[in-house]
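An overview of the molecular structure
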Amino acid sequence: QVQLVESGGGLVQPGGSLRLSCAASGNIFITYAMAWYRQPPGKQRELVAIVTSGGSTNYADSVKGRFTISRDNAKNTVYLQMNSLKPEDTAVYYCYARILIRGTERGDDYWGQGTQVTVSS
């Protein structure tokens, strides 16, 4: 009933920038927190950045000052602007959202399919 579709990944040189987008669609009543996670090769998935419905944000220490998360509530879309990219940012990036579907009483967690970001010269 809910889909999260990501876009914007790719190959970029160190020091470059990329912007990821994730649009949620379906029978959505309320979208609570939205976030980006990543999973580097051979490692566990980790939180990159999160934004609440009110706009408060929090970042992993490794990306503070380089990445910016934002959201457009009217479009149920979350963005991740990534600047000054480093090889260690290489990972599959996943969009996350906690969403309340119309006619239900409790929100559920939803994930995108993942988009590859590769930082290499």
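This one's a predicted model, so the numbers in the text were calculated from it and none came from an experiment.

Right, let's talk about the overall build of the protein for a bit. From N to C terminus, the protein includes 0 helices and 11 strands. Its helices and strands in sequence order give the protein the pattern β-β-β-β-β-β-β-β-β-β-β, from N to C terminus. Computed over its C-alpha atoms, the radius of gyration of the protein comes to 14 Å, within 12% of the 14 Å expected for a compact globule of 121 residues. Across its three principal axes, the protein shows a C-alpha extent of roughly 50 × 25 × 25 Å. Across the 121 residues that make up the protein, the buried fraction comes to 42%. Long-range pairs, those at least 24 residues apart, make up 57% of the contacts in the protein between residues at least 6 apart in sequence. For the protein, the accessible area works out to roughly 6,400 Å², and carbon and sulfur atoms hold 45% of it. Across the protein, the centroid of the 12 positively charged side chains sits 3 Å from that of the 9 negatively charged ones.

Mapped onto the secondary structure, A33 falls in strand 4 (residues 28-39). The residues contacting A33, other than those within four sequence positions of it, are I50, V51, T52, R71, Y96, A97 and R98.

Our focus in this paragraph is a nonpolar patch on the surface. A contiguous nonpolar patch, built from F29, I30 and Y32 and spanning about 260 Å² of accessible area, is present on the exposed surface. Relative to the assigned elements, Y32 resides in strand 4.

As a further point, take the packing of aromatic side chains. Tallying each qualifying case throughout the model produces 3 aromatic pairs. Here the aromatic rings of Y37 and Y96 are separated by 6.1 Å at their centres, their planes lie at 70°, and the arrangement is edge-to-face. Pair noted here: Y37 is in strand 4 and Y96 is in strand 9 (residues 91-101), with a separation of 59 residues, a long-range link. The class of Y96 is buried, set by a relative accessible area of 11%. Put simply, the rings of Y37, Y96 and W111 pair up and form one aromatic cluster. In this structure, R19 packs its charged tip against the face of Y79, placed 4.1 Å from the ring centre. Of note, R45 hangs over the ring of Y94, and the distance from its end group to the ring centre comes to 3.7 Å.

A few words now on the sheet that holds strand 3 (residues 18-26). Pairing in this open sheet of 4 strands is antiparallel, and the strands run 1-3-8-7 from one edge to the other. Each edge of the sheet is formed by a strand with only one pairing partner; in this case those strands are strand 1 (2-7) and strand 7 (67-72). On average, each strand axis in the sheet is tilted by 15° relative to the strand beside it, whichever way the strands run. Relative to strand 8 (residues 77-82), strand 7 runs antiparallel, the two being bridged by 6 bridges. Paired with S70 across the bridge in strand 8 is Y79.

Calculation criteria
In this numbering scheme, every chain counts its residues from 1 along its sequence in written order. A pLDDT threshold of at least 70 governs which residues receive local features in this predicted model, and a stricter bar of 80 or more applies before side-chain atom pairs are shown or counted, although totals over entire chains, interfaces and linings include all residues. To obtain the side-chain values, all non-hydrogen atoms of the structure were used and water was disregarded. Numbering of helices and strands runs from the N terminus, with a helix taken as a DSSP run of H or I at least four residues long and a strand as a DSSP run of E at least two residues long. Every radius of gyration here is taken over C-alpha atoms, with the globule rule written as 2.2 Å times N^0.38, N being the number of residues. Residue burial is assigned from relative accessible area. The probe radius is 1.4 Å, only protein chains are included, and a residue is buried under 20% of its type maximum, exposed over 50%, and partly exposed in between. It only takes one pair of heavy atoms within 4.5 Å for two residues to be counted as in contact. For every accessible area listed, the method is Shrake-Rupley and the probe measures 1.4 Å; residues are considered covered only by the protein chains on display. Lys and Arg are tallied as positive, Asp and Glu as negative. Neither His nor the chain termini are counted. Taken as the charge location is NZ of Lys, CZ of Arg, CG of Asp or CD of Glu. A patch consists of residues whose relative accessible area exceeds 30% and which take part in no salt bridge; residues with like charges are grouped when within 9 Å of each other, and nonpolar side chains (Val, Leu, Ile, Met, Phe, Trp, Tyr) when within 5 Å. Salt bridge, as used here: a side-chain nitrogen of Lys or Arg that lies within 4 Å of a carboxyl oxygen of Asp or Glu. Pairs were defined over the aromatic rings of Phe, Tyr and Trp, the Trp ring being its six-membered one, requiring ring centres within 6.5 Å. Orientation was assigned from the angle between planes: stacked under 30 degrees, edge-to-face over 60, tilted for the rest. For a ring to carry a charge above it, either NZ of a lysine or CZ of an arginine must fall within 6 Å of the ring centroid while also lying within 35 degrees of the normal to the ring plane. The pairing criterion for strands is at least two bridges between them, as found by DSSP. Under this scheme, a helix contributes an axis fitted over its contacting stretch, all axes are lines through C-alpha atoms, and angles between N-to-C directions fall in the 0 to 180 degree range.

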